[in-house]
Amino acid sequence: MPWSNQTGGGGPWGSGSRGPWGSGPQPSGGGSRPPDLEEFLRRSQDRLRNVLPGNLGGRGIALIVLVALVLWGFSGFYRVEPDEVGVVLRFGKFIPPEVQPGLNYHLPYPIETALTPPALRVIKTDIGTRPVEDLRRGTSMRELPEESLMLTGDENIVDVEFSVLWRVKPNSVGDYLFNVQNPEGTVKAVAESAMREVIGQSNIQPVITGARQTIETKVQELMQRTLDGYHAGVQVQQVQLQKADYPTQVIDAFRDVQAARSDLERAQNEAQTYANRVVPEARGRASKITQDAEAYREQTVAEAKGETSRFLQIYEQYKKAPGVTRERMYLETMERILSDTNKTIIDTGQGGPGVVPYLPLTELPAPPARTQRGGTSSAGGNQ
């Protein structure tokens, strides 16, 4: 029996004429009725017919659906730029292989979607500086001390600004897209961490002067190991140190120290140059004196040996004929002594040769010329 016809006790849900939800049937003249699904579908069809031009009917609707399917199919075409690599996702899952640059096709959305990351582009990330747009000066670099100031191994502070050139590792686009949420931020954080580690193991003087290439190599190797551990799909191409200097607050004092160190090195170089010039000369003179002394010694010893040998030979002859030897020695000695004299000795004794002495006037030397006060030269008499 319908619950609306019950009287008396009001039915199983209470007194009066009430329905199962606590209220009785509504009068036909007022109130709201529950929505009718068939009525709703009929009204929707009527509205669709009013919108479609010409009241196309079933064939028109089929044609529209066909065109929509064609357009949906053409939506799968996509283009990969020369510096990009395409990645196709089927229901959100990566489907290898990677798609090369050019025009390509994938199943329309929502079956497949395509991503085109710049996998062939070399990206530059700066640490310690940031480009700032200025209407007057154009693009300028702003320093970031919170990134560039680092502590060295000898407890000094150095200001390091550098850049990292990196790209997506070949055949690792999937790792680049899905293993790291923010690849560029990750590369920057890893680069700053690696540089701080390398600087923390080095002294400040090599960092500022001659160890830049070594530092770049160490930072690149450490970054690559860390990113490979993250499976980030990133390849570090190069690390470039842009600046490695003392902080701005102490740069003047540092320049004074550098100038003093340069003066010290210059003085040492000048002293070394002087020593390199003087010491060889002194050694040469000492060697010459030593060689002269040795030559004099050899000469003296040889002469002494020769005189001794000569004396012994003369002595042997003297023992054989003493008189002849004495006369011979006398004559040789007088010949050696008088050989440079300009004198002639004539024996005028009784047994002499009887030579008539004469004066060779033509061979006498002329007296030197004398100059008079009047400027006239005279060779033999008064004027």
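Let us look at the structure shown here. All residue numbers refer to position in the chain's written sequence, counted from 1. Note on the predicted model: pLDDT of at least 70 is required for a residue's local features to be given, and 80 or more for side-chain atom pairs to be given and counted; whole-chain, interface and lining totals, by contrast, use all residues. Here the side-chain values reflect all heavy atoms present in the structure, with hydrogen atoms and water set aside.

Right, let's get into the overall build of the protein chain. Put simply, DSSP H or I for four residues or longer makes a helix, DSSP E for two residues or longer makes a strand, and each gets a number counted from the N terminus. Summing up its helical and strand segments, the protein chain has nine helices and 13 strands in all. Residues classed as buried in the protein chain amount to 21% of the 383 residues present. Within the protein chain, residue pairs in contact and separated by at least 24 positions form 62% of the contacts whose partners lie at least 6 positions apart. As displayed, the protein chain has an accessible area near 28,900 Å², and 55% of this comes from carbon and sulfur atoms. We call a residue buried when its accessible area falls under 20% of the maximum for its residue type, exposed when it is over 50%, and partly exposed in between, using a 1.4 Å probe and counting protein chains only. In what follows, a contact means two residues having at least one pair of non-hydrogen atoms within 4.5 Å. Note that accessible areas follow from Shrake-Rupley with a 1.4 Å probe, and for residues the cover is restricted to the protein chains shown.

Now for the pattern of salt bridges. A carboxyl oxygen of Asp or Glu within 4 Å of a side-chain nitrogen of Lys or Arg is what we treat as a salt bridge. In the structure shown here, the tally under the stated rule is eleven salt bridges. A salt bridge links Asp159 to Lys243; the nearest nitrogen and oxygen atoms lie 3.3 Å apart. One end of the pair, Asp159, is in strand β10 (residues 157-168); the other, Lys243, is in strand β11 (residues 234-245), with 84 residues separating them in the sequence. The class of Asp159 is buried, set by a relative accessible area of 4%. Its relative accessible area of 22% is what places Lys243 among the partly exposed residues. Here the salt bridges share partners, and the residues they tie into one network are Glu143, Asp159 and Lys243.

Another point: a nonpolar patch on the surface. Residues qualify for a patch when their relative accessible area is over 30% and they have no salt bridge, like charges being joined within 9 Å and the nonpolar side chains of Val, Leu, Ile, Met, Phe, Trp and Tyr within 5 Å. Together, Leu63, Leu66, Val67, Val70, Leu71, Phe74, Phe77, Leu103, Tyr105 and Leu107 give the surface a local cluster of nonpolar side chains, amounting to about 1,000 Å² of exposed area. Of all the elements in the fold, those that place two or more residues in the nonpolar patch are α2 (57-74) and β4 (102-105). Examining the composition of the nonpolar patch, we find that six residues originate from one element, α2, more than from any other. Mapped onto the fold, Leu63 is located in helix α2.

Here three strands make up an open sheet; going across it, the order is β3-β2-β5 and the pairing antiparallel. Of all strands in the sheet, those bounded by a partner on one side alone are β3 (93-99) and β5 (112-115). Each strand of the sheet is rotated relative to its neighbour by a mean of 25°, with strand direction disregarded. Only strands joined by at least two bridges in the DSSP assignment are considered to pair. To obtain each axis, a line is fitted to C-alpha atoms, and for helices this fit is confined to the stretch in contact; angles are then taken between N-to-C directions over 0 to 180 degrees.

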